[in-house]
Each structure stands twice: as structure tokens, then as C-alpha cells.
Amino acid sequence: MKIELHEITVGEIYNGYVDSGENGVVGYGGKLNIRPKYQREFVYDDKKRNAVIDTINRGFPLNVMYWAVNEDGTYEILDGQQRTVSFCRYVHGDFSIDNRYFHNLTQTEKDVILNYKTLIYFCEGTDKEKLEWFRIINIAGEKLTEQELRNATYTGPWLTSAKAIFSKSGCAAYLLAKDYVGGSPIRQEILETAIKWKSKGHIEEYMALHQHDPNANELWIYFQNVINWVMLTFPKYRTKMKGVDWGELYDRYHEKTYDTQKLEKRIAALFMDDDVTNKSGIYKYVLSGEEKYLNIRAFTERQKLAAYERQQGICPYCKAEGKDTIYDITEMEADHIKPWREGGRTSDDNCQMLCKYHNRIKGGR
């Protein structure tokens, strides 16, 4: 990792300053990506913003800032975005301090600001080196999310295309999947979800592999396929569908044919079942049959104690084997006499206490 310290004046950074709103903010002759396209906008409150200008006017040092050096010779701010936006907006005339805008200042006062030297570390290296370094210095101010850190590392035509689809307010991915995928486009959460699904969790490897692709069509087609499969397989929408790991389910089950009416009847019954405490897990359960996704309601301490006293501390399975060992209640576990999947309830009369050994082997059958 190559890290070099540079002194760059406010005037040099402001040169070529353009704030295009959601389409990003640039400066430094158009070579500095102050705020990338479709990234959440950090804005200091008035007190912090004014403190930046006061620091410059007094000639005091601002904290050092970090720029990532891109392969094409451009730069992207990793740390120092709010400070940079603050002094650029002041010079641009977007706000006043003590009723004085920048254009109201004397030339001498203007020069104090424009000639102020900021300390910038230029960070250059492999994508892996930069990402690890960015994580280390991402410790102050408004912290970047993991996906924002990745975006600062794997810049290129693929990312530009992907952000247009997944990271813009009102983007195509949000409009399609807002009821099924949690998070905000400008926080990069929908993009992160899409890559996670497509890469099976290997997000950085996927971004590195496709960094120089001309577009993100492959990711977009896959994402559409996942959401369309969900809509067709589970045509009745419920709010608990939002945030389910649909990519995993699509990869495992999309080639199977389901009777959607039967699925819906089963889902409706499970939503009405008070013993099912994790309603979001219903969709994984009806496809996989694994009860662990439902978090079946556990017996209460009162129910456990009542069953223990009724059994006088003896495990019924041990008793059937001719053993009369009396266990302490801490050595036993509650169990459904009639399994939940066969219609058994988490009720007093369906509770039994088993020794840990027999509860384990029963559960493993």
C-alpha cells in the first residue's frame, strides 16, 4: 500500500466544483469524486459546518483527510467528505456566516480561505490493500457502510452501471423489490443484497471479478429472476416477506414445481399458529421442511416444572428401559409428547421432561 501526504489548497479543491445532487459532487478540476453518484448525502449541521470555516480562518489545522487514487488518475474521498463539502459550499455561496457570504468578504479574507492548505493522504495500492486500509481509517464522523467502502475500492464501469440500477432513489431495483428487500438504495443496501445473493456471500470477490465489465446486466437479470420467482411462487404478499434471504431460496428451489395454492394454504395456517414465533421463517420452512426456521414456541418454566413434578424426576424413556434414575430438573429438557409437526401443541398436557441423552436422540430421529 502506497500512502503519500500532500498539501492541497482549498482553492485547488474547489476548482471545478459541481454539485449535481444525487448525481454526485466533484471538484479538484473535475478529478476528485467528493461524493459519488447515488451515495447517501452527509451534511454537517450548522455548528459543525461553521466550525470548519472558523478553523480555516484561524489557520488552525483540519484533521488529515484521505483520498483513494483510482487507476485512471482520478480520486475519491474516503474520509473528509463533510469537511470538503462544507468549505466548497461556503466558497460557492450556498450559506453565510454572521450574515456574510463568501462573495461579501474582502479579497484578503477570500485569499485566507482559498490559500489554506489541507493535508491529504493519497492512498494507492491493490484493491485488497485499499479496502483493508479504508476499514482501518473509517473510524470517525459519519462512518461508511461496508458496501460504501467496497464501492470506494472497486470503481469502474461495472459499478457505475450497478449503482444506476440499484443505488438511485426510485431506481429500477427499488421499484421492483421494495416490498421484498430491506434497506435504502442510497445506503447501498439493495446493491449489497443483490451482490450477496448472486455471489453466495462472496461480495468482494464478485466485485473484483466484474470491476471492469462494461455493465451490470448479469446482476440485474439475476435479481429480476429472483424477485419474479418469489412473486409467482408466493402470489399473496405479506409484510413478513420483506428481508427474507430470497436469493438463497431461489438458488436452491427455483427449478422445482410447486402447487402454489397448497403452499398458500400451508402458509396461512402457519401464520395463524401461535406456536410459530418466527413468521419470516415460514417461507424457508415450507420449502425446506426444516422446523428450525420457525422457532417453535418453547415450554414455559411453569410448564416444565409441572411436568417434572408429575414425572417425579424420572425420564419416561429411561423408565421404559427399566431405569428409575431420578434427575435434577437442570439435567432434563422439555419435549413435545406429540411432535409439533404432527399437530402437537406447546401445551401443559403435551409437555414431558426427558433426560438430555434421550431428548437428543429423539430430536435426531
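Our subject is the structure listed above.
Notes on the structure follow. No experiment lies behind these values; they were computed from the predicted model shown. (Residues numbered from 1 in each chain as written. Predicted model: local features only at pLDDT ≥ 70, side-chain atom pairs only at ≥ 80, totals over all residues. Heavy atoms only, no water.)

**Considerations on the side chain of arginine 35**
So, step 1. In this fold, arginine 35 is placed in strand 4 (residues 32-35).
So, step 2. Separated by 2.9 Å, the side chain of arginine 35 and the backbone oxygen of glycine 21 make a polar contact. (Helix = DSSP H or I, 4+ residues; strand = E, 2+ residues; numbered from the N terminus. Polar contact = N/O pair within 3.5 Å; in protein donor to acceptor, adjacent residues only side chain to side chain.)

**A look at the packing of helix 5 (residues 127-137) against helix 6 (residues 146-153)**
The relative placement of two packed helices comes down to the angle between their axes together with the axis-to-axis distance.
So, step 1. Viewed as axis vectors pointing N to C, helix 5 and helix 6 meet at an angle of 140 degrees, and their least axial separation amounts to 9 Å. For the element pair helix 5 / helix 6, the angle class is oblique. Note on packing geometry: the crossing formed by helix 5 with helix 6 is right-handed. Of the residues in helix 6, those in contact with Asp127, Lys130, Leu131, Phe134 and Arg135 of helix 5 are Glu146, Leu149, Arg150, Ala152 and Thr153.
So, step 2. Residue classes in the contact of helix 5 with helix 6 are distributed as four nonpolar, one polar and five charged. (Axes fitted to C-alpha atoms, helices over the stretch in contact; angles between N-to-C directions. Parallel < 35°, antiparallel > 145°, perpendicular 65-115°, else oblique. Left-handed = near helix turned anticlockwise from the far one by under 90°. Contact = heavy atoms within 4.5 Å. Nonpolar A, V, L, I, M, F, W, Y, C, P; charged D, E, K, R; others polar.)

**A few points about helix 2 (residues 46-58)**
So, step 1. Here helix 2 contains 13 residues, and its C-alpha end-to-end distance of 18 Å stays within 8% of the 18 Å for a straight helix at 1.5 Å per residue.
So, step 2. Looking at the buried positions of helix 2, the neighbouring elements they touch are helix 1 (10-14), helix 3 (81-92) and helix 4 (107-114).
So, step 3. Immediately beyond the C-terminal end of helix 2, within one or two residues, lies glycine 59, with a positive phi of roughly 75 degrees. (Expected span 1.5 Å × (residues − 1).)

**Focus on the sheet that holds strand 1 (residues 2-9)**
What links the strands of a sheet is backbone hydrogen bonding, and the strands pair in either a parallel or an antiparallel sense.
So, step 1. As summarised here, the arrangement of the seven strands in space is 1-7-5-6-4-3-2, forming an open sheet in which the pairing is mixed. In the strand order of this sheet, the two ends are held by strand 1 and strand 2 (18-19), each with one partner.
So, step 2. Note that strand 5 (residues 65-69) and strand 7 (residues 117-124) share four bridges and pair parallel. Bridge pairing links tryptophan 67 to phenylalanine 122 in strand 7.
So, step 3. Packed onto the sheet, helix 5 meets strand 1, strand 5, strand 6 (75-79) and strand 7 and runs at close to 165 degrees relative to strand 5. (Pairing = 2+ DSSP bridges.)

**Some thoughts on the pattern of salt bridges**
So, step 1. One pass over the structure, following the stated rule, counts 25 salt bridges.
So, step 2. Measuring nitrogen to oxygen at the nearest pair gives 2.7 Å for the salt bridge that ties arginine 100 to glutamate 109.
So, step 3. For arginine 100, a relative accessible area of 32% gives the class partly exposed.
So, step 4. We classify glutamate 109 as partly exposed; its relative accessible area is 29%. (Salt bridge = Lys/Arg side-chain N within 4 Å of Asp/Glu carboxyl O. Buried < 20%, exposed > 50% of the residue type's maximum accessible area, 1.4 Å probe, protein only.)

**Some words on the pairing of strand 9 (residues 351-355)**
So, step 1. Counting buried positions along strand 9 gives five out of five residues, so the element sits mostly inside the fold.
So, step 2. Where strand 8 (residues 332-336) meets strand 9, five bridges bridge the pair, whose relative direction is antiparallel. Across the sheet, the residue bridging to alanine 334 is methionine 353, located in strand 9.

**Some words on the packing of aromatic side chains**
So, step 1. Going through the model one piece at a time under the given rule, you end up with 23 aromatic pairs.
So, step 2. Residues tyrosine 222 and tyrosine 250 carry aromatic rings whose centres are separated by 5.8 Å and whose planes lie at 85 degrees to one another, so their mutual orientation is edge-to-face. Of this pair, tyrosine 222 sits in helix 11 (residues 217-233) while tyrosine 250 sits in helix 12 (residues 246-253), and the two are 28 residues apart along the sequence.
So, step 3. Judged by relative accessible area, tyrosine 222 falls into the buried class, the value being 9%.
So, step 4. Overall, the relative accessible area of 11% leaves tyrosine 250 in the buried class.
So, step 5. When the centroid spacing of 6.0 Å and the interplanar angle of 65 degrees are considered together, the rings of tyrosine 285 and tryptophan 340 count as edge-to-face. Of this pair, tyrosine 285 sits in helix 14 (residues 282-288) while tryptophan 340 is found in the loop between strand 8 and strand 9, placing the two residues 55 residues apart along the sequence. Each member of the pair, tyrosine 285 together with tryptophan 340, is buried.
So, step 6. The rings of Tyr222, Trp229, Phe234, Trp246, Tyr250, Phe271 and Tyr283 are connected pair by pair, giving a single aromatic cluster. (Phe/Tyr/Trp six-rings, centres within 6.5 Å; stacked < 30°, edge-to-face > 60°.)

**Notes on the pairing of strand 4**
So, step 1. In terms of strand pairing, strand 3 (residues 25-27) meets strand 4 through three bridges, oriented antiparallel. Within strand 4, the residue paired with valine 26 across the bridge is asparagine 33.
So, step 2. Between strand 3 and strand 4, which pair antiparallel and follow one another directly, the connecting turn spans four residues, one of which, tyrosine 28, has a positive phi of 55 degrees.
So, step 3. As paired elements, strand 4 and strand 6 share two bridges and run parallel to each other. Bridge pairing in strand 6 links leucine 32 to tyrosine 75.

Limitation: the analysis is restricted to geometry and does not speak to function.
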